[in-house]
Protein chains: 4
Amino acid sequence: MSAFTLMQQKKKIVFFGDSITQAGVGPKGYITRFGEKLGQKNLKDQYELIGAGIGGNKAYDLYLRMEDDVLSKNPDIVVIWVGVNDVWHKRTSGTGTDADKFEKFYNAIIKKLQAKNIKVYVCTPAAIGEKTDYSNELDGDLNQYSKLIRSIAQKNNCELIDLREAFLKYNLVNNKENKESGILTTDRVHLNDKGNDFVADEMMKVMIK
Amino acid sequence: MSAFTLMQQKKKIVFFGDSITQAGVGPKGYITRFGEKLGQKNLKDQYELIGAGIGGNKAYDLYLRMEDDVLSKNPDIVVIWVGVNDVWHKRTSGTGTDADKFEKFYNAIIKKLQAKNIKVYVCTPAAIGEKTDYSNELDGDLNQYSKLIRSIAQKNNCELIDLREAFLKYNLVNNKENKESGILTTDRVHLNDKGNDFVADEMMKVMIK
Amino acid sequence: MSAFTLMQQKKKIVFFGDSITQAGVGPKGYITRFGEKLGQKNLKDQYELIGAGIGGNKAYDLYLRMEDDVLSKNPDIVVIWVGVNDVWHKRTSGTGTDADKFEKFYNAIIKKLQAKNIKVYVCTPAAIGEKTDYSNELDGDLNQYSKLIRSIAQKNNCELIDLREAFLKYNLVNNKENKESGILTTDRVHLNDKGNDFVADEMMKVMIK
Amino acid sequence: MSAFTLMQQKKKIVFFGDSITQAGVGPKGYITRFGEKLGQKNLKDQYELIGAGIGGNKAYDLYLRMEDDVLSKNPDIVVIWVGVNDVWHKRTSGTGTDADKFEKFYNAIIKKLQAKNIKVYVCTPAAIGEKTDYSNELDGDLNQYSKLIRSIAQKNNCELIDLREAFLKYNLVNNKENKESGILTTDRVHLNDKGNDFVADEMMKVMIK
């Protein structure tokens, strides 16, 4: 098989999300780490990785820009990771997303992607605070939105990357002092180096078998 | 000219909005009144009026359902009236719409309509409270969103139906007691009979010349 | 000992709180049930129970009215049960209580009571939603305020009636379907008959030994 | 009359408020300016000025600390200036003050001061944004709380320093570009040098006749 043909066969993955994904393409970002891990498995030539994260994005923002930022790239695979701002902005600016609307927009995004035969992975929002005793201010709402996403995944036959569950499990072992940040995040939400590496691993587990 | 041809020439107007528009198709609703006023001018046969209002809708909800509820009807004219919930829900449920997002979705709706050669009218949100001394709780924000809509209208060459200005003018004359509802609304937001009639008149002034 | 003397020795308990306590003096309310349970132990003559609950009250409201509604009664014992509105109103009306202010007012109330040699019991807020998987919207914040109260109790040498812990334990056994209300509450917050009985029992356990 | 006696006769004024008043004792703060203006009228020896402002304070915070920070100073005169945070924090942190509670705490503060024969002046909250077309986000609510304060002043026979009215009047003349800050404030709320000077003048007009 020629090099040209091989290139044609590269699978294009778009990572579609908010500021966490925007930072994911940085030198130590989770998308960059994902690429390095593919390299370690000699799979680097089989995938092209594209970051499509914009800070502050909620479910409906993804819907608005999916033509321009995702479909226009003709991806084979899209990883959707959104939800933190939908919950967080309720408190910080009165502009979060109602649960029923969140579900509607999320479903609409998946339907449009699947209609183009794109394989969709969905992620639960990892954390707004890393305390493990369920006393992070927005834990209740974030757990509810995570449940919604798990149910959306099931109904739409999408594979799930359950970052919320994974983060909590990790913190139960590694955050004995019940700190609100500094384990996998810098500021309760955004990933530190360890967090980026951890997310890349969690995604690999589900996506690259 | 044959009856068939006449029917073909009927202009289809879709009123696209929230609960106020949802109620607009009721027996005394503003869309119904608009139709009656067309009748008084012997223009009834020239227009078909379609209500497309859903309670609780914000700018991004209109964007999500515009294919199904507006474009599928092949309208000649669309009247967009949205904004109350984008402001109001900030206070009541933490799920209003940021000003910059409001503008983005509003522009996206207009662009899609205009791309189909649909004539677009835009309305400012009339009221959340009818007091005339600018002491309705959300007056500041509602004035700001109204200014945004006026600027959106201008940039997109849409005609403006400035209900906010019209309501304030009317109340300055007819609400000397500075009451928060009961003049044009039942509950500070939704229209009473007089309000429905008034809105139909304001729309007629701009749309039917 | 004469009847007169006995009456003099009656210990006066004021239950100081919000709408849950306001309902507590109703025919099946938790204060009424507390009295009945005292009767069953033949302790009825030793206590006088006074309800001092007002709907919508937060920590600072208790502070404002403690002279009129509590100190003026010369109580021997005061049970403080507050916190639900301090958390809840953040979401419903933007008028909850910051955690640091909550602590300040709570401490100020206790100090004033203890300065009069009044024995103070403090309760954690039981629930805003009875789901047991930490997905009630305000679970995170309510857990945080409960932790604050536990710490306040310890620092001020007050006995703790940990209703939040008790409600969760009860629901883990009796709410297998993970319902958000109907087990101990009617509406996620206010007590049904079982809830009132349960609270009276929990208070008895700590207060009447 | 001896110097000693003169000192005894100095009238003590406590300025009681939030961060704006906290900054008021700075080198160019409004309290400092007030003192300088007294000096220009040769009245400096007749008054002692005390700043009692703490950042983030709302009406109920003033009530909590009035014993320690105001009554303990035995003032002759107290100037209360509060309200911005009661409104603002609704939006920024969900912890503003309900209008009815605001009124209750405000009245309670005045009653306690007047019971000690202290003369009370009350101020309306000047601004959260300096735009003059009523499109500052919180104008409606701030106008409503200003109306409450005017009514509280009247009911309690307090003199009113109507900073909100004065700021708007000044901006109508001096803020033709409808800017949201930079005229009397640095950041929509806190005073710049001109603002501090202006406030001192407005207070002088009412207090020093």
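Residues numbered from 1 in each chain as written. Chains lettered and ligands numbered in written order. Predicted model: local features only at pLDDT ≥ 70, side-chain atom pairs only at ≥ 80, totals over all residues. Heavy atoms only, no water.

(A) Representation of the overall build of chain A within the structure. Across its full length, chain A carries nine helices and five strands. Element order for chain A, N to C, with α for helix and β for strand: α-β-α-α-β-α-β-α-α-β-α-β-α-α. The globule rule puts the C-alpha radius of gyration for 209 residues at 17 Å, and the 17 Å found for chain A is close to it. For chain A, the spread of C-alpha atoms along the principal axes amounts to about 55 × 35 × 25 Å. Here the contacts in chain A between residues at least 6 apart in sequence split such that 75% fall between residues at least 24 apart. If you sum the accessible surface of chain A, you get close to 8,800 Å²; carbon and sulfur atoms cover 49% of it. (Helix = DSSP H or I, 4+ residues; strand = E, 2+ residues; numbered from the N terminus. Rg over C-alpha atoms; globule rule 2.2 N^0.38 Å. Contact = heavy atoms within 4.5 Å. Areas by Shrake-Rupley, 256 points an atom, 1.4 Å probe, with all protein chains shown as cover.)

(B) Expanded view of the confidence of the model for chain A. Taken residue by residue, chain A gives an average pLDDT of 96. The fraction at 70 or more is 96%. Both confidence scores are given for the complex: pTM 0.94, ipTM 0.92. (pLDDT = per-residue confidence, 0-100.)

(C) The arrangement of the pairing of strand S3 (residues 77-81) of chain D in detail. All names here are of chain D. Within S3, five of the five residues are buried, which leaves it mostly tucked inside the rest of the structure. Side chains Ile 77, Val 79 and Trp 81 of S3 all project onto a buried face; the interleaved residues Val 78 and Ile 80 project onto the opposite face, where all are buried too. Judged from the five bridges that link them, strand S1 (residues 11-17) and S3 form a sheet pairing that is parallel. Counted as the bridge partner of Val 14 is Val 78 from S3. Sheet topology places S3 next to strand S4 (residues 119-123); five bridges connect them, and they run parallel. Counterpart to Val 78 in the pairing with S4 is Val 120. (Buried < 20%, exposed > 50% of the residue type's maximum accessible area, 1.4 Å probe, protein only. Pairing = 2+ DSSP bridges.)

(D) Geometry of the interface of chain C and chain D. With 18 residues of chain C at the contact, the number on the chain D side is 18 residues. Linking chain C with chain D are four salt bridges, by the criterion used here. Of the charged contacts, one joins Asp 98 of chain D and Lys 58 of chain C as a salt bridge, the two residues approaching to 3.3 Å between their closest N and O atoms. On inspection of chain C and its partner chain D, the count reaches 10 residue pairs in polar contact (both at pLDDT 80 or more). Listing elements by their share of the side of chain C that touches chain D, those giving two or more residues are helix H4 (59-69), helix H5 (84-92) and helix H6 (99-114) of chain C. (Salt bridge = Lys/Arg side-chain N within 4 Å of Asp/Glu carboxyl O. Polar contact = N/O pair within 3.5 Å; in protein donor to acceptor, adjacent residues only side chain to side chain.)

(E) Representation of the state of the cysteines within the structure. Residue and element names in this part refer to chain B. Going through the model one piece at a time under the given rule, you end up with zero disulfides over all chains. Considering cysteine sulfurs only, Cys 158 is the nearest to Cys 123, which forms no disulfide, with 11 Å between them. When its relative accessible area of 0% is taken as the criterion, Cys 123 is described as buried. (Disulfide = S-S within 2.5 Å.)

(F) Seen up close, the pattern of salt bridges. If you walk through the whole model with that rule in mind, you get 72 salt bridges over all chains. One salt bridge connects Arg 65 of chain B with Asp 69 of chain B, and the closest N-O pair in it is separated by 2.7 Å. Here Arg 65 of chain B and its partner Asp 69 of chain B are both found in helix H4 (residues 59-69), four residues apart, which amounts to about one turn of the helix. Owing to a relative accessible area of 10%, Arg 65 of chain B belongs among the buried residues under this scheme. We note a salt bridge from Arg 150 of chain D to Asp 162 of chain D, for which the minimum N-O separation is 2.6 Å. In this pair, Arg 150 of chain D sits in helix H7 (residues 139-155) while Asp 162 of chain D sits in the loop between strand S5 (159-161) and helix H8 (163-174), placing the two residues 12 residues apart along the sequence. By relative accessible area, Arg 150 of chain D is classed as partly exposed at 29%. By relative accessible area, which is 15% here, Asp 162 of chain D ends up buried.

(G) Focus on the relation of the copies chain C and chain D. By a simple turn and slide, chain C fits onto chain D: the slide is 0.0 Å along the axis, the RMSD is 0.0 Å, and the turn is 180°. As the rotation angle and translation indicate, the two copies are arranged about a two-fold axis. Looking at the interface residues of chain C, 100% of them are also at the interface in chain D, so both copies use one shared face. (Least-squares fit on C-alpha atoms with pLDDT ≥ 70 in both.)

(H) Focus on the side chain of Ser 135 of chain C. Within the fold, Ser 135 of chain C resides in the loop between strand S4 (119-123) and helix H7 (139-155). Exposure remark for Ser 135 of chain C: the relative accessible area of 1% places this residue in the buried category. A distance of 3.1 Å separates the side chain of Ser 135 of chain C from the side chain of Lys 131 of chain C, its partner in a polar contact. Other than its neighbours up to four places away in sequence, Ser 135 of chain C contacts Gly 140, Asn 143, Gln 144 and Lys 147 of chain A.

(I) Quick peek at the interface of chain B and chain A. Counting residues at the interface gives 18 residues for chain B, matched by 18 residues for chain A. Taking the shortest distance from any N to any O, the salt bridge between Asp 61 of chain A and Lys 101 of chain B comes out at 2.9 Å. Only H4, helix H5 (84-92) and helix H6 (99-114) of chain B provide two or more residues apiece to the side of chain B that touches chain A.

(J) Molecular detail of the sheet that holds strand S1 (residues 11-17) of chain A. All names here are of chain A. The strand order S2-S1-S3-S4-S5 describes an open sheet built from five strands, whose pairing is parallel. One side of each edge strand has no neighbouring strand; the edge strands of this open sheet are strand S2 (47-53) and strand S5 (159-161). When the angles between neighbouring strand axes are averaged without regard to direction, this sheet yields 20°. On the sheet, helix H9 (residues 193-207) packs against S1, strand S3 (77-81), strand S4 (119-123) and S5 and is oriented at approximately 160° with respect to S5. (Axes fitted to C-alpha atoms, helices over the stretch in contact; angles between N-to-C directions.)

(K) Seen up close, the relation of the copies chain B and chain A. Between chain B and chain A, the superposition needs a rotation of 180° and an axial shift of 0.0 Å, giving an RMSD of 0.0 Å. When the interface residues of chain B are mapped onto chain A, 100% of them again lie at the interface, so the same face is used by both copies.

(L) Seen up close, the sheet that holds strand S1 (residues 11-17) of chain C. All names here are of chain C. The five strands are arranged S2-S1-S3-S4-S5 in an open sheet whose pairing can be described as parallel. On the outer flanks of this sheet lie strand S2 (47-53) and strand S5 (159-161), each paired with one strand and no other. Strand after strand, the sheet turns through a mean of 20° between neighbouring axes, direction not considered. Helix H3 (residues 30-40) contacts S1, S2 and strand S3 (77-81) of the sheet and is inclined by roughly 170° relative to S2.

(M) Just H7 of chain C, in detail. All names here are of chain C. In this model H7 runs 24 Å from its N-terminal to its C-terminal C-alpha over 17 residues, within 8% of the 24 Å that 1.5 Å per residue would give. Turning to H7, its buried residues number three or more, namely Asp 139, Gly 140, Asp 141, Leu 142, Asn 143, Tyr 145, Ser 146, Leu 148, Ile 149, Ile 152 and Ala 153. Following H7 by one or two positions, Asn 157 has its phi on the positive side, about 55°. (Expected span 1.5 Å × (residues − 1).)

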